[in-house]
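Close look at the chain arrangement
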Amino acid sequence: MSADAATSRINLSAWLQISPLMAVLGLFLVLPIATIVMVSFWGFNEFAFYPDFTFDNYAYLLTANVTYQTYLKTLKYVVLAWVFTAAIGFTVAYFLAFHVRSLTWQIALFLLCTIPFWTSNIIRMISWIPFLGRNGLANNTLISLGLIDRPLEFLLFSDFAVILAFVHLYSLFMVVPIFNTMMRIDRSLIEAARDQGASGYQVLTQVILPLSKPGLMIGSIFVVTLVMGDFITVRFMSGSQSASVGRIIQNEIALLQYPAAAASAVVLLLTVLIMIAVMMRLVDIRKEL
Amino acid sequence: MGETRSCSFYVLAAFFALFVLFLYGPIITIGILSFQGPNGGLTFPMNGWSFHWFFDLFEQQAVGDFWGSFSRSLVLGLTVMVLTLVISVMAGLAFRKPFRGATFVFYLTITSLIIPSILISLGVGLIFNIVGLDVHWSTSGLGAQLTWTLPFGLLIMFAVFNRFDRSYEEAARDQGASNWQTIRHVVLPIIAPSLIGIALFGFTLSYDEFARTLLTSGSYNTLPLEIFGMTTNVTTPVLYALGTLTTAFSLSIILVFLGVAWWMRRRQSRFGSDAGKGLV
């Protein structure tokens, strides 16, 4: 058999094996995105939307002040959520990878951190009500400690609650990839640094932190994209008082203004893609698995 | 090792403990509050203890269609689980060969993972609308959920095959096994514990999926959609009772899967290799 024939046989069998995946992604990922792009140029009135080729949806979106305010607000959520999840994720992963010494304990504690990921996000949001509510645990504790006289109103249904929920839901997306990267760091590098007289702090900042960067980047991609497109956490935790890019799209959908929603979705997608492209320059995902 | 623990160990251990408390504290709180007495509210103090709110859950008119949405989520979750497992394993096998377009397929799968969920919801909804089909949880909902579970399945397969020792396969081939026999009798049994992991992701991610199912499930809600609907109009601890029940269900599923994976790994390490145990 010639080399060409062998190569094409490999290609054929690989594409047969990949075909169910491609069918799902083609029908439910590529086609929907193409449809959104197409519909973003359509027109609409109060009753229906119809084929057209108009830039009105984009013109309206890109000239409205509220668009820029909402993007700024959403970016604020992204930055705050990223700072907290990255700091918490790095610290937790560092503890698990370098301070827990037996593999069994590492796995057990790691699983303890991942189990909530497999439970419902909605319920995890609801579960903050008894803590943050007007008569919740946080307010009652602060009052009984004499730190405040009246309940703090900003705890539930506020930006504070939104960020708290993001950190609660998404810290895990940082812990897992950073831990994964840290476990592959060659321990002899740390020994070498110690032998050369590096302090524990120097080892952390000059050896472990740079080598953990790929994991940190993967986690960041997760957190940034999840927060950028979020509509449900912002809606629930702000008590419908705060806006986000995702919520604008959801509102337009609720009003059946599909072409407007599609245009907003295209702009959101482009924004997210640019952010990811910047982050991807810093790391090769496939090497990290 | 025997070195004494440094001071930083205790600081970090305390931080870790706080993190775990942060993760689990709220859900434990609603677990406790779901046993509120009949006159109890959404926050502490406890106004007596009872199963009142759990019983309330089973009266359909009180809280909507709990059983219906639960059984839909269960069926959908199992379907997604099986499909995710089969499709991921097939795709994982393909990626072991250098085939044309591999990089494209890889990035397409990553796109599926990190694309904002509302785009899937909106796009799939639009397609069905334009074509004139009704969205339904078992068609559009199923497809939308697979765009979320398949990337996890494929990433796990990558991790598995990156660590896979090919000499087992070569040994099987040397003994005259066909391609299919090698996969069926050598590769699949070796990676079986990881397949449990994919199944776990497939089921739980589907069972709890919200954002991609929102516009694609049609007039019959899945459980997360039903629960979210309740948050806007239910102001009694029945919400907590529902949260407690379904979290308990999720936790028992997770424990079963993890238990099975652990048992399989132990079995492998006990029977899998007799290296070093022979008579030299």
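Everything numeric here is computed off the predicted structure, so don't read it as measured data. (Residues numbered from 1 in each chain as written. Chains lettered and ligands numbered in written order. Predicted model: local features only at pLDDT ≥ 70, side-chain atom pairs only at ≥ 80, totals over all residues.)

**Overview of the overall build of chain B**
- Helix and strand counts for chain B come out as 11 helices and zero strands.
- For chain B, the sequential pattern of α-helices and β-strands runs α-α-α-α-α-α-α-α-α-α-α.
- The C-alpha atoms of chain B give a radius of gyration of 24 Å, which is well past the 19 Å a tight globule of 280 residues would have.
- Overall, chain B is about 75 × 65 × 35 Å in size when its C-alpha atoms are taken along their principal axes.
- Going through the 280 residues of chain B one by one, you find that 41% of them count as buried.
- Restricting to contacts in chain B with at least 6 residues of sequence separation, those with at least 24 account for 77%. (Helix = DSSP H or I, 4+ residues; strand = E, 2+ residues; numbered from the N terminus. Rg over C-alpha atoms; globule rule 2.2 N^0.38 Å. Buried ≥ 20, exposed ≤ 12 C-beta atoms within 10 Å, placed from the backbone. Contact = placed C-beta atoms within 7 Å.)

**Quick notes on the overall build of chain A**
- The helix and strand inventory of chain A stands at 14 helices and two strands.
- Computed over the C-alpha atoms, the radius of gyration of chain A is 24 Å, more than 25% above the 19 Å expected from 2.2 N^0.38 for a compact globule of 289 residues.
- Taking the principal axes of the C-alpha coordinates as reference, chain A spans close to 85 × 70 × 30 Å.
- Split into buried and exposed, the 289 residues of chain A put 41% on the buried side.
- For chain A, contacts bridging at least 24 residues in sequence account for 71% of all contacts bridging at least 6.

**Thoughts on unusual backbone geometry**
Residue and element names in this part refer to chain A.
- Positive phi values are uncommon outside glycine, yet Ser-240 reaches one of about 65 degrees.
- Mapped onto the elements of the fold, Ser-240 is located in the loop between α12 (232-237) and α13 (245-254).
- In this structure Ser-240 comes out as exposed when scored by C-beta crowding, with 12 C-beta atoms within 10 Å.

**Some points on the confidence of the model for chain B**
Residues and elements named next belong to chain B.
- Here chain B averages 85 in pLDDT, and 94% of its residues register 70 or above.
- In the predicted structure, residues 275-280 sits below a pLDDT of 50 and forms zero contacts with residues beyond four places in sequence or in another chain.
- Both scores are given for the predicted complex: the pTM is 0.89, the ipTM 0.87. (pLDDT = per-residue confidence, 0-100.)

**Structural notes on the interface of chain B and chain A**
- Taken together, the contact between chain B and chain A spans 71 residues of the former and 72 residues of the latter.
- When residues of the side of chain B that touches chain A are traced back to their parent elements, those giving at least two are α1 (7-33), α4 (66-94), α5 (102-114), α6 (117-131), α7 (137-162), α9 (179-207), α10 (223-233) and α11 (238-271) of chain B.
- A per-element tally of the side of chain B that touches chain A places α1 of chain B first, with 15 residues.
- Tallied by class, residues from the side of chain B that touches chain A come to 51 nonpolar, 17 polar and three charged. (Nonpolar A, V, L, I, M, F, W, Y, C, P; charged D, E, K, R; others polar.)

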